[in-house]
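Working through the structure, step by step
Here is what each chain is made of, one letter per residue.
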Amino acid sequence: MSAKGPDLIALLDGWASRGHGSLPRRLAHGLRHLIDAGVLPSGWRLPPERTLARRLAVSRTTVTQALEELRGDERVRSRQGSGTYVVGPVTPPPFGTRIAEHLLSGPGVDLTKGDAPDLSHLPPVGIEMWQLNAISGGAAVNTAGLPTTRQAIADLYARGGTTGRPRATDADQIHVTAGSHQASHLLISTLADRGATVAVAEYSYPGIFDIFDSCEVRSVPVRLDDRGLSPESLDVVLSRDRPAVLYFQAGPQIPTGQVTTVSRVRALASVLDRHHTTVIEDTTVAAVAFAGVAPMLADHCRIARVVSTGSLSKTCWAGLRLGWIRGPAPVIEETIYRHLAWDLGPSIPSQLLALQLLPHLDRIADDRRLRLHAAVSAALEHLGNAIPEAVVARPDGGSIIWARFPVADSAILVNVARRHGVRVAPGSIHAASKEPGPFIRIDVDRPASAVREGIERLARAWRELENDERL
(Lines give C-alpha, C1' and ligand atoms only; values in the text may rest on other atoms or scores of the structure.)
Protein backbone atom coordinates (compact mmCIF):
# COMPACT_ATOMS: atom_id res chain seq x y z
CA MET A 1 0.00 0.00 0.00
CA SER A 2 1.30 3.44 -0.83
CA ALA A 3 2.59 5.50 2.06
CA LYS A 4 -0.07 8.05 1.17
CA GLY A 5 -2.82 5.56 1.89
CA PRO A 6 -6.26 5.40 0.29
CA ASP A 7 -8.12 8.45 -0.99
CA LEU A 8 -11.06 8.41 1.42
CA ILE A 9 -13.12 11.03 -0.41
CA ALA A 10 -12.88 9.16 -3.70
CA LEU A 11 -13.79 5.84 -2.07
CA LEU A 12 -16.85 7.46 -0.47
CA ASP A 13 -18.09 8.71 -3.84
CA GLY A 14 -21.90 8.44 -3.94
CA TRP A 15 -22.25 7.76 -0.19
CA ALA A 16 -25.12 10.23 0.23
CA SER A 17 -27.36 8.25 -2.14
CA ARG A 18 -26.67 4.85 -0.53
CA GLY A 19 -27.92 3.33 2.69
CA HIS A 20 -30.88 4.81 4.52
CA GLY A 21 -31.77 7.30 7.22
CA SER A 22 -30.26 10.69 7.94
CA LEU A 23 -27.16 12.10 6.26
CA PRO A 24 -24.91 11.27 9.25
CA ARG A 25 -26.20 7.70 9.25
CA ARG A 26 -25.50 7.34 5.52
CA LEU A 27 -21.98 8.67 6.00
CA ALA A 28 -21.45 6.23 8.86
CA HIS A 29 -22.73 3.44 6.60
CA GLY A 30 -20.24 4.40 3.86
CA LEU A 31 -17.30 4.51 6.28
CA ARG A 32 -18.36 1.25 7.96
CA HIS A 33 -18.48 -0.47 4.58
CA LEU A 34 -14.90 0.59 3.78
CA ILE A 35 -13.64 -0.44 7.22
CA ASP A 36 -15.34 -3.85 7.17
CA ALA A 37 -14.02 -4.53 3.65
CA GLY A 38 -10.48 -3.84 4.86
CA VAL A 39 -10.07 -0.99 2.38
CA LEU A 40 -9.34 1.43 5.21
CA PRO A 41 -6.44 -0.25 6.98
CA SER A 42 -6.63 -0.88 10.69
CA GLY A 43 -4.81 1.86 12.57
CA TRP A 44 -5.27 4.35 9.72
CA ARG A 45 -5.97 7.94 10.79
CA LEU A 46 -9.02 9.66 9.32
CA PRO A 47 -8.77 13.29 8.20
CA PRO A 48 -9.72 15.88 10.85
CA GLU A 49 -13.47 16.43 11.16
CA ARG A 50 -13.30 19.96 9.77
CA THR A 51 -11.27 18.79 6.74
CA LEU A 52 -13.55 15.82 6.13
CA ALA A 53 -16.65 18.02 6.28
CA ARG A 54 -15.16 20.54 3.84
CA ARG A 55 -14.07 17.90 1.34
CA LEU A 56 -17.43 16.09 1.52
CA ALA A 57 -19.35 19.41 1.31
CA VAL A 58 -21.37 18.70 4.46
CA SER A 59 -21.61 20.34 7.89
CA ARG A 60 -19.16 19.42 10.60
CA THR A 61 -22.13 18.24 12.68
CA THR A 62 -22.85 15.56 10.04
CA VAL A 63 -19.29 14.25 10.29
CA THR A 64 -19.26 14.41 14.11
CA GLN A 65 -22.50 12.41 14.38
CA ALA A 66 -21.30 9.82 11.84
CA LEU A 67 -18.03 9.28 13.71
CA GLU A 68 -19.90 9.08 17.02
CA GLU A 69 -21.97 6.20 15.59
CA LEU A 70 -18.79 4.43 14.44
CA ARG A 71 -17.20 4.92 17.85
CA GLY A 72 -20.25 3.21 19.34
CA ASP A 73 -19.70 0.30 16.93
CA GLU A 74 -16.02 0.22 17.92
CA ARG A 75 -15.07 0.76 14.26
CA VAL A 76 -13.04 3.88 15.13
CA ARG A 77 -11.38 5.31 18.23
CA SER A 78 -10.49 8.94 18.93
CA ARG A 79 -7.47 10.07 20.90
CA GLN A 80 -7.44 13.53 22.41
CA GLY A 81 -5.07 15.77 20.45
CA SER A 82 -4.13 12.96 18.06
CA GLY A 83 -7.14 12.23 15.86
CA THR A 84 -9.58 9.45 14.95
CA TYR A 85 -8.25 6.04 13.93
CA VAL A 86 -9.67 2.85 12.48
CA VAL A 87 -9.64 0.36 15.36
CA GLY A 88 -6.92 -2.28 15.38
CA PRO A 89 -3.18 -2.68 14.77
CA VAL A 90 -1.50 -0.99 11.79
CA THR A 91 -1.85 -3.65 9.09
CA PRO A 92 -2.37 -2.38 5.53
CA PRO A 93 -4.65 -4.52 3.35
CA PRO A 94 -2.87 -6.82 0.87
CA PHE A 95 -4.17 -4.91 -2.15
CA GLY A 96 -4.05 -1.47 -3.71
CA THR A 97 -6.98 0.87 -4.20
CA ARG A 98 -5.94 3.20 -7.02
CA ILE A 99 -8.29 1.69 -9.60
CA ALA A 100 -11.13 1.50 -7.05
CA GLU A 101 -10.66 5.09 -5.91
CA HIS A 102 -11.23 6.77 -9.25
CA LEU A 103 -11.74 4.42 -12.19
CA LEU A 104 -14.80 2.46 -11.06
CA SER A 105 -18.19 3.59 -12.33
CA GLY A 106 -20.06 6.30 -10.46
CA PRO A 107 -22.69 8.99 -11.00
CA GLY A 108 -22.28 11.83 -13.47
CA VAL A 109 -20.39 12.18 -16.74
CA ASP A 110 -17.52 9.70 -16.51
CA LEU A 111 -14.25 10.99 -18.02
CA THR A 112 -12.02 8.81 -15.85
CA LYS A 113 -11.77 5.83 -18.17
CA GLY A 114 -12.19 5.13 -21.85
CA ASP A 115 -14.85 3.00 -23.46
CA ALA A 116 -15.30 3.08 -27.21
CA PRO A 117 -18.51 5.06 -27.87
CA ASP A 118 -19.57 2.45 -30.41
CA LEU A 119 -18.09 -0.67 -31.97
CA SER A 120 -18.57 0.27 -35.61
CA HIS A 121 -14.80 0.04 -36.16
CA LEU A 122 -15.11 -3.75 -35.75
CA PRO A 123 -16.14 -6.19 -38.48
CA PRO A 124 -19.32 -8.20 -37.88
CA VAL A 125 -18.51 -11.23 -35.72
CA GLY A 126 -20.61 -13.80 -33.91
CA ILE A 127 -20.63 -17.18 -32.22
CA GLU A 128 -22.77 -20.21 -32.94
CA MET A 129 -23.33 -22.41 -29.90
CA TRP A 130 -21.92 -25.46 -31.68
CA GLN A 131 -18.57 -23.66 -31.94
CA LEU A 132 -18.05 -23.60 -28.18
CA ASN A 133 -17.17 -27.27 -28.00
CA ALA A 134 -16.14 -27.82 -31.61
CA ILE A 135 -13.29 -25.30 -31.58
CA SER A 136 -12.21 -26.05 -28.00
CA GLY A 137 -12.17 -29.79 -28.68
CA GLY A 138 -14.69 -30.30 -25.91
CA ALA A 139 -12.31 -28.90 -23.27
CA ALA A 140 -14.07 -26.00 -21.58
CA VAL A 141 -10.99 -25.15 -19.49
CA ASN A 142 -7.73 -24.22 -21.22
CA THR A 143 -5.61 -22.37 -18.69
CA ALA A 144 -3.13 -21.09 -21.27
CA GLY A 145 -5.85 -20.37 -23.82
CA LEU A 146 -7.23 -22.35 -26.73
CA PRO A 147 -4.47 -23.80 -28.93
CA THR A 148 -6.00 -21.96 -31.89
CA THR A 149 -5.95 -18.64 -30.00
CA ARG A 150 -2.33 -19.12 -28.90
CA GLN A 151 -1.36 -19.87 -32.49
CA ALA A 152 -3.29 -16.89 -33.85
CA ILE A 153 -1.49 -14.54 -31.44
CA ALA A 154 1.85 -16.17 -32.29
CA ASP A 155 1.05 -15.51 -35.96
CA LEU A 156 0.31 -11.88 -35.05
CA TYR A 157 3.90 -11.50 -33.83
CA ALA A 158 5.29 -13.41 -36.77
CA ARG A 159 3.74 -11.02 -39.28
CA GLY A 160 4.39 -7.87 -37.19
CA GLY A 161 2.24 -4.76 -37.52
CA THR A 162 0.43 -3.94 -34.30
CA THR A 163 3.03 -5.94 -32.32
CA GLY A 164 6.15 -4.28 -33.81
CA ARG A 165 8.66 -5.83 -36.14
CA PRO A 166 7.98 -9.40 -37.28
CA ARG A 167 9.28 -11.86 -34.67
CA ALA A 168 9.20 -15.62 -35.09
CA THR A 169 6.94 -16.90 -32.32
CA ASP A 170 5.71 -20.37 -31.36
CA ALA A 171 2.35 -21.02 -29.76
CA ASP A 172 4.03 -22.28 -26.57
CA GLN A 173 5.48 -18.78 -26.11
CA ILE A 174 1.94 -17.39 -25.72
CA HIS A 175 -0.29 -17.39 -22.63
CA VAL A 176 -3.82 -16.05 -23.20
CA THR A 177 -5.18 -14.00 -20.28
CA ALA A 178 -8.22 -11.97 -19.26
CA GLY A 179 -6.64 -8.71 -20.41
CA SER A 180 -3.17 -7.21 -20.01
CA HIS A 181 -3.84 -6.28 -16.37
CA GLN A 182 -4.02 -9.96 -15.46
CA ALA A 183 -1.01 -10.62 -17.68
CA SER A 184 1.04 -8.05 -15.76
CA HIS A 185 -0.08 -9.48 -12.43
CA LEU A 186 0.98 -12.98 -13.47
CA LEU A 187 4.37 -11.72 -14.64
CA ILE A 188 5.14 -9.56 -11.60
CA SER A 189 4.31 -12.47 -9.27
CA THR A 190 6.47 -14.76 -11.42
CA LEU A 191 9.50 -12.52 -11.97
CA ALA A 192 9.70 -10.61 -8.66
CA ASP A 193 9.81 -12.20 -5.20
CA ARG A 194 7.93 -10.61 -2.32
CA GLY A 195 9.94 -7.73 -0.94
CA ALA A 196 11.81 -7.22 -4.22
CA THR A 197 12.05 -3.89 -6.02
CA VAL A 198 10.62 -3.20 -9.46
CA ALA A 199 11.44 -0.20 -11.66
CA VAL A 200 8.65 1.86 -13.25
CA ALA A 201 8.20 5.30 -14.81
CA GLU A 202 7.51 8.02 -12.23
CA TYR A 203 4.03 8.35 -13.80
CA SER A 204 2.41 5.15 -15.04
CA TYR A 205 -0.73 3.05 -15.40
CA PRO A 206 -2.43 3.20 -11.96
CA GLY A 207 -3.35 -0.49 -12.02
CA ILE A 208 0.31 -1.49 -12.04
CA PHE A 209 0.74 0.06 -8.59
CA ASP A 210 -2.22 -1.97 -7.30
CA ILE A 211 -0.49 -5.04 -8.72
CA PHE A 212 2.76 -4.11 -6.98
CA ASP A 213 0.88 -3.78 -3.68
CA SER A 214 -0.86 -7.15 -4.02
CA CYS A 215 2.44 -8.83 -4.95
CA GLU A 216 4.14 -7.05 -2.03
CA VAL A 217 6.94 -5.55 -4.11
CA ARG A 218 8.36 -2.04 -3.84
CA SER A 219 8.36 0.30 -6.82
CA VAL A 220 11.35 2.50 -7.67
CA PRO A 221 10.51 5.43 -9.99
CA VAL A 222 12.48 6.26 -13.13
CA ARG A 223 12.34 9.89 -14.26
CA LEU A 224 10.47 10.94 -17.41
CA ASP A 225 11.41 13.82 -19.71
CA ASP A 226 9.91 15.16 -22.92
CA ARG A 227 11.18 12.17 -24.95
CA GLY A 228 10.18 9.39 -22.58
CA LEU A 229 11.96 7.41 -19.88
CA SER A 230 15.35 8.94 -19.04
CA PRO A 231 18.28 6.58 -19.86
CA GLU A 232 20.43 8.33 -17.23
CA SER A 233 17.80 7.88 -14.53
CA LEU A 234 17.22 4.27 -15.60
CA ASP A 235 20.95 3.57 -15.36
CA VAL A 236 21.06 4.99 -11.82
CA VAL A 237 18.04 2.94 -10.70
CA LEU A 238 19.38 -0.29 -12.21
CA SER A 239 22.81 0.24 -10.62
CA ARG A 240 21.59 1.39 -7.23
CA ASP A 241 18.43 -0.65 -6.61
CA ARG A 242 19.00 -3.73 -8.79
CA PRO A 243 15.28 -4.20 -9.47
CA ALA A 244 14.00 -7.65 -10.37
CA VAL A 245 12.17 -6.23 -13.37
CA LEU A 246 11.37 -3.01 -15.25
CA TYR A 247 7.74 -2.37 -16.18
CA PHE A 248 7.69 -0.35 -19.41
CA GLN A 249 4.82 0.94 -21.54
CA ALA A 250 5.33 0.88 -25.29
CA GLY A 251 3.40 3.50 -27.21
CA PRO A 252 1.43 6.44 -25.83
CA GLN A 253 2.55 6.37 -22.22
CA ILE A 254 -0.26 6.36 -19.68
CA PRO A 255 -1.04 9.02 -18.53
CA THR A 256 1.03 11.54 -20.51
CA GLY A 257 0.12 10.23 -23.97
CA GLN A 258 3.78 10.59 -24.94
CA VAL A 259 5.39 8.16 -27.39
CA THR A 260 9.02 7.31 -26.72
CA THR A 261 11.10 8.18 -29.79
CA VAL A 262 13.03 5.50 -31.69
CA SER A 263 16.36 7.05 -30.73
CA ARG A 264 15.32 7.06 -27.06
CA VAL A 265 14.16 3.43 -27.26
CA ARG A 266 17.58 2.49 -28.65
CA ALA A 267 19.31 4.36 -25.82
CA LEU A 268 17.13 2.61 -23.24
CA ALA A 269 17.79 -0.76 -24.84
CA SER A 270 21.53 -0.13 -24.58
CA VAL A 271 21.22 0.54 -20.83
CA LEU A 272 19.02 -2.51 -20.32
CA ASP A 273 21.39 -4.75 -22.27
CA ARG A 274 24.34 -3.56 -20.21
CA HIS A 275 22.53 -4.47 -16.99
CA HIS A 276 21.05 -7.75 -18.32
CA THR A 277 17.65 -6.49 -17.16
CA THR A 278 14.36 -8.36 -17.32
CA VAL A 279 11.64 -6.16 -18.84
CA ILE A 280 7.86 -6.43 -18.90
CA GLU A 281 6.88 -4.42 -21.97
CA ASP A 282 3.17 -3.57 -21.98
CA THR A 283 2.18 -3.06 -25.62
CA THR A 284 -1.56 -2.57 -25.01
CA VAL A 285 -1.61 1.03 -26.27
CA ALA A 286 1.23 0.80 -28.82
CA ALA A 287 -1.10 0.37 -31.80
CA VAL A 288 -3.05 3.58 -31.12
CA ALA A 289 -0.12 5.99 -31.46
CA PHE A 290 -1.35 8.61 -33.93
CA ALA A 291 1.73 8.34 -36.16
CA GLY A 292 1.48 4.55 -36.38
CA VAL A 293 2.56 1.65 -34.18
CA ALA A 294 5.06 2.93 -31.61
CA PRO A 295 8.64 1.59 -31.34
CA MET A 296 9.17 -1.24 -28.88
CA LEU A 297 12.04 -2.32 -26.66
CA ALA A 298 11.64 -5.93 -27.78
CA ASP A 299 12.76 -4.86 -31.24
CA HIS A 300 15.98 -3.27 -29.95
CA CYS A 301 17.17 -5.20 -26.88
CA ARG A 302 19.80 -7.83 -27.67
CA ILE A 303 20.77 -9.11 -24.20
CA ALA A 304 18.04 -7.90 -21.86
CA ARG A 305 15.14 -10.34 -21.55
CA VAL A 306 11.91 -8.69 -22.76
CA VAL A 307 8.59 -10.34 -21.97
CA SER A 308 5.63 -8.69 -23.69
CA THR A 309 2.01 -8.23 -22.71
CA GLY A 310 -0.73 -7.27 -25.14
CA SER A 311 -4.48 -6.83 -25.27
CA LEU A 312 -7.42 -6.15 -27.55
CA SER A 313 -8.83 -3.58 -25.09
CA LYS A 314 -7.61 -0.40 -26.79
CA THR A 315 -7.89 -1.53 -30.41
CA CYS A 316 -11.13 -3.53 -30.23
CA TRP A 317 -13.14 -3.39 -27.02
CA ALA A 318 -12.18 -3.51 -23.33
CA GLY A 319 -15.18 -5.72 -22.58
CA LEU A 320 -13.61 -8.64 -24.41
CA ARG A 321 -11.13 -9.03 -21.52
CA LEU A 322 -8.71 -10.72 -23.88
CA GLY A 323 -4.96 -10.26 -23.46
CA TRP A 324 -1.78 -12.28 -23.55
CA ILE A 325 1.82 -12.78 -22.52
CA ARG A 326 4.59 -13.46 -25.03
CA GLY A 327 7.82 -14.76 -23.54
CA PRO A 328 10.28 -17.64 -23.22
CA ALA A 329 8.52 -20.98 -22.84
CA PRO A 330 9.81 -21.57 -19.25
CA VAL A 331 8.38 -18.20 -18.12
CA ILE A 332 5.09 -18.95 -19.87
CA GLU A 333 4.95 -22.35 -18.17
CA GLU A 334 5.33 -20.79 -14.72
CA THR A 335 2.67 -18.14 -15.39
CA ILE A 336 0.29 -20.91 -16.41
CA TYR A 337 0.72 -22.66 -13.06
CA ARG A 338 0.25 -19.37 -11.22
CA HIS A 339 -2.87 -18.70 -13.30
CA LEU A 340 -4.41 -21.93 -12.00
CA ALA A 341 -4.18 -20.63 -8.44
CA TRP A 342 -6.51 -17.71 -9.32
CA ASP A 343 -8.83 -18.98 -12.04
CA LEU A 344 -9.01 -21.77 -14.59
CA GLY A 345 -8.41 -19.81 -17.76
CA PRO A 346 -9.72 -17.18 -20.17
CA SER A 347 -13.26 -17.09 -21.50
CA ILE A 348 -13.96 -19.38 -24.48
CA PRO A 349 -16.54 -17.00 -26.07
CA SER A 350 -14.09 -14.08 -25.84
CA GLN A 351 -11.44 -16.18 -27.56
CA LEU A 352 -13.81 -17.23 -30.33
CA LEU A 353 -14.63 -13.57 -30.99
CA ALA A 354 -10.94 -12.67 -30.87
CA LEU A 355 -10.12 -15.35 -33.43
CA GLN A 356 -12.41 -13.54 -35.88
CA LEU A 357 -10.89 -10.13 -35.06
CA LEU A 358 -7.16 -10.91 -35.06
CA PRO A 359 -6.83 -11.31 -38.86
CA HIS A 360 -8.23 -7.76 -39.25
CA LEU A 361 -6.30 -6.16 -36.39
CA ASP A 362 -4.13 -3.87 -38.53
CA ARG A 363 -7.20 -2.31 -40.20
CA ILE A 364 -9.06 -2.12 -36.89
CA ALA A 365 -6.11 -0.31 -35.30
CA ASP A 366 -5.93 2.16 -38.20
CA ASP A 367 -9.62 3.01 -37.79
CA ARG A 368 -9.35 3.28 -34.01
CA ARG A 369 -6.31 5.55 -34.31
CA LEU A 370 -8.21 7.99 -36.54
CA ARG A 371 -11.21 8.08 -34.22
CA LEU A 372 -9.12 8.71 -31.12
CA HIS A 373 -7.12 11.44 -32.87
CA ALA A 374 -10.37 13.22 -33.79
CA ALA A 375 -11.74 12.83 -30.24
CA VAL A 376 -8.55 14.18 -28.65
CA SER A 377 -8.34 17.14 -31.06
CA ALA A 378 -11.96 18.15 -30.42
CA ALA A 379 -11.55 17.83 -26.65
CA LEU A 380 -8.32 19.85 -26.62
CA GLU A 381 -10.00 22.68 -28.52
CA HIS A 382 -12.99 22.72 -26.21
CA LEU A 383 -10.83 22.46 -23.07
CA GLY A 384 -8.65 25.35 -24.26
CA ASN A 385 -11.72 27.56 -24.74
CA ALA A 386 -13.48 26.50 -21.53
CA ILE A 387 -10.49 26.44 -19.17
CA PRO A 388 -7.58 28.43 -20.65
CA GLU A 389 -5.70 28.10 -17.35
CA ALA A 390 -5.23 24.35 -17.98
CA VAL A 391 -1.89 23.59 -19.65
CA VAL A 392 -1.87 20.53 -21.90
CA ALA A 393 0.81 19.03 -24.13
CA ARG A 394 -0.87 17.47 -27.17
CA PRO A 395 -0.63 13.67 -26.72
CA ASP A 396 1.02 11.45 -29.35
CA GLY A 397 -1.73 8.87 -29.12
CA GLY A 398 -4.31 7.19 -26.94
CA SER A 399 -7.33 8.86 -25.38
CA ILE A 400 -6.01 10.61 -22.26
CA ILE A 401 -5.57 14.36 -21.84
CA TRP A 402 -3.01 15.08 -19.11
CA ALA A 403 -3.91 18.60 -17.98
CA ARG A 404 -1.90 20.72 -15.56
CA PHE A 405 -3.86 23.16 -13.39
CA PRO A 406 -2.42 25.96 -11.23
CA VAL A 407 -3.07 24.06 -7.98
CA ALA A 408 -0.85 22.20 -5.55
CA ASP A 409 -3.26 19.28 -5.13
CA SER A 410 -5.62 18.47 -8.00
CA ALA A 411 -7.68 16.17 -5.75
CA ILE A 412 -9.51 19.26 -4.50
CA LEU A 413 -10.66 20.10 -8.02
CA VAL A 414 -11.60 16.44 -8.61
CA ASN A 415 -13.85 16.50 -5.55
CA VAL A 416 -15.52 19.79 -6.57
CA ALA A 417 -16.00 18.39 -10.09
CA ARG A 418 -17.91 15.43 -8.68
CA ARG A 419 -20.39 17.84 -7.11
CA HIS A 420 -20.84 19.37 -10.58
CA GLY A 421 -21.57 15.93 -12.03
CA VAL A 422 -18.33 15.04 -13.81
CA ARG A 423 -15.78 12.42 -12.85
CA VAL A 424 -12.10 13.01 -13.63
CA ALA A 425 -9.07 11.58 -11.83
CA PRO A 426 -6.21 13.30 -9.99
CA GLY A 427 -2.71 12.79 -11.35
CA SER A 428 -1.63 11.33 -8.01
CA ILE A 429 -3.12 7.92 -8.86
CA HIS A 430 -0.52 7.68 -11.64
CA ALA A 431 2.45 8.73 -9.49
CA ALA A 432 4.73 6.08 -8.04
CA SER A 433 4.86 8.09 -4.80
CA LYS A 434 1.13 8.94 -4.89
CA GLU A 435 2.19 12.47 -3.97
CA PRO A 436 -0.43 15.15 -4.71
CA GLY A 437 0.29 17.36 -7.70
CA PRO A 438 -1.26 19.69 -10.28
CA PHE A 439 -2.36 17.15 -12.92
CA ILE A 440 -5.84 15.97 -13.91
CA ARG A 441 -6.49 12.91 -16.08
CA ILE A 442 -9.33 13.33 -18.60
CA ASP A 443 -10.21 10.36 -20.80
CA VAL A 444 -12.05 11.39 -23.98
CA ASP A 445 -12.80 7.94 -25.39
CA ARG A 446 -16.48 8.63 -24.84
CA PRO A 447 -19.37 9.93 -26.96
CA ALA A 448 -18.51 13.45 -28.19
CA SER A 449 -21.56 14.93 -26.46
CA ALA A 450 -20.51 13.40 -23.12
CA VAL A 451 -16.96 14.75 -23.45
CA ARG A 452 -18.23 18.24 -24.26
CA GLU A 453 -20.70 18.21 -21.37
CA GLY A 454 -18.05 16.85 -19.02
CA ILE A 455 -15.61 19.62 -19.91
CA GLU A 456 -18.32 22.23 -19.41
CA ARG A 457 -19.03 20.84 -15.94
CA LEU A 458 -15.32 20.72 -15.15
CA ALA A 459 -15.07 24.37 -16.19
CA ARG A 460 -17.89 25.29 -13.79
CA ALA A 461 -16.10 23.42 -11.01
CA TRP A 462 -12.88 25.24 -11.81
CA ARG A 463 -14.59 28.65 -11.72
CA GLU A 464 -16.07 27.80 -8.31
CA LEU A 465 -12.66 26.75 -7.04
CA GLU A 466 -10.88 29.81 -8.44
CA ASN A 467 -12.59 32.01 -5.88
CA ASP A 468 -12.18 29.55 -3.03
CA GLU A 469 -9.58 30.17 -0.36
CA ARG A 470 -8.42 26.56 -0.75
CA LEU A 471 -6.35 27.66 -3.76
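Residues numbered from 1 in each chain as written. Predicted model: local features only at pLDDT ≥ 70, side-chain atom pairs only at ≥ 80, totals over all residues. Heavy atoms only, no water.

Right, let's get into the pairing of strand 2 (residues 83–86). Direction of pairing for strand 1 (residues 76–79) relative to strand 2: antiparallel, over a ladder of four bridges. Counterpart to Arg79 in the pairing with strand 2 is Gly83. In this antiparallel pair of consecutive strands, strand 1 and strand 2, the connection spans three residues, and Gly81 shows a positive phi of 80°. (Pairing = 2+ DSSP bridges. Helix = DSSP H or I, 4+ residues; strand = E, 2+ residues; numbered from the N terminus.)

So, on to the sheet that holds strand 14 (residues 400–404). With respect to topology, four strands assemble into an open sheet ordered 13-14-17-16, the strand pairing being antiparallel. Each end of this open sheet is capped by a strand with a single partner; those strands are strand 13 (391–392) and strand 16 (425–426). Bridging between strand 16 and strand 17 (residues 439–443) involves two bridges; their strand directions are antiparallel. Looking across to strand 17, one finds that Ala425 is bridged to Arg441.

So, on to helix 4 (residues 60–72). Between its terminal C-alpha atoms helix 4 stretches 18 Å, which fits the 18 Å expected from 13 residues at 1.5 Å a residue. The set of residues buried in helix 4 consists of Thr62, Val63, Ala66, Leu67 and Leu70. Within helix 4, the buried residues cover an arc of 125° as seen down the axis, which keeps them to one side. Buried-residue contacts for helix 4 involve helix 2 (23–36), helix 3 (49–56), strand 1 and strand 2. Following helix 4 by one or two positions, Glu74 adopts a phi angle in the positive range, close to 60°. (Expected span 1.5 Å × (residues − 1). Buried < 20%, exposed > 50% of the residue type's maximum accessible area, 1.4 Å probe, protein only. Arc of directions from axis to C-beta. Contact = heavy atoms within 4.5 Å.)

Quick look at the sheet that holds strand 4 (residues 174–177) now. Judged by pairing direction, the sheet is mixed, and its seven strands sit side by side in the order 4-12-11-10-9-5-6 without closing on themselves. Each end of this open sheet is capped by a strand with a single partner; those strands are strand 4 and strand 6 (218–222). Each strand axis lies, on average, 20° off the axis of its neighbour in the sheet, ignoring direction. Strand direction decides the pairing type here: strand 10 (residues 278–282) and strand 11 (residues 305–311), joined by five bridges, are parallel. What sits directly across from Asp282, in strand 11, is Thr309. Helix 7 (residues 147–159) rests against strand 4, strand 11 and strand 12 (323–326) of the sheet, and its axis sits at about 115° to strand 4. (Axes fitted to C-alpha atoms, helices over the stretch in contact; angles between N-to-C directions.)

Our next topic: the pattern of salt bridges. Pairs can form between side chains of opposite charge once their charged atoms are near each other. Summed over all chains, the structure comprises 27 salt bridges. For Arg71, the salt bridge goes to Glu68, with nearest N and O atoms at 3.2 Å. Here Glu68 and Arg71 lie together in helix 4, a separation of three residues that amounts to about one turn. Residue classification places Glu68 among the partly exposed residues on the basis of a relative accessible area of 47%. Here Glu334 ties to Arg338 by a salt bridge, and the two come within 3.2 Å at their closest N and O atoms. Of this pair, Glu334 and Arg338 both sit in helix 12 (residues 329–342), four residues apart, which is roughly one turn of that helix. (Salt bridge = Lys/Arg side-chain N within 4 Å of Asp/Glu carboxyl O.)

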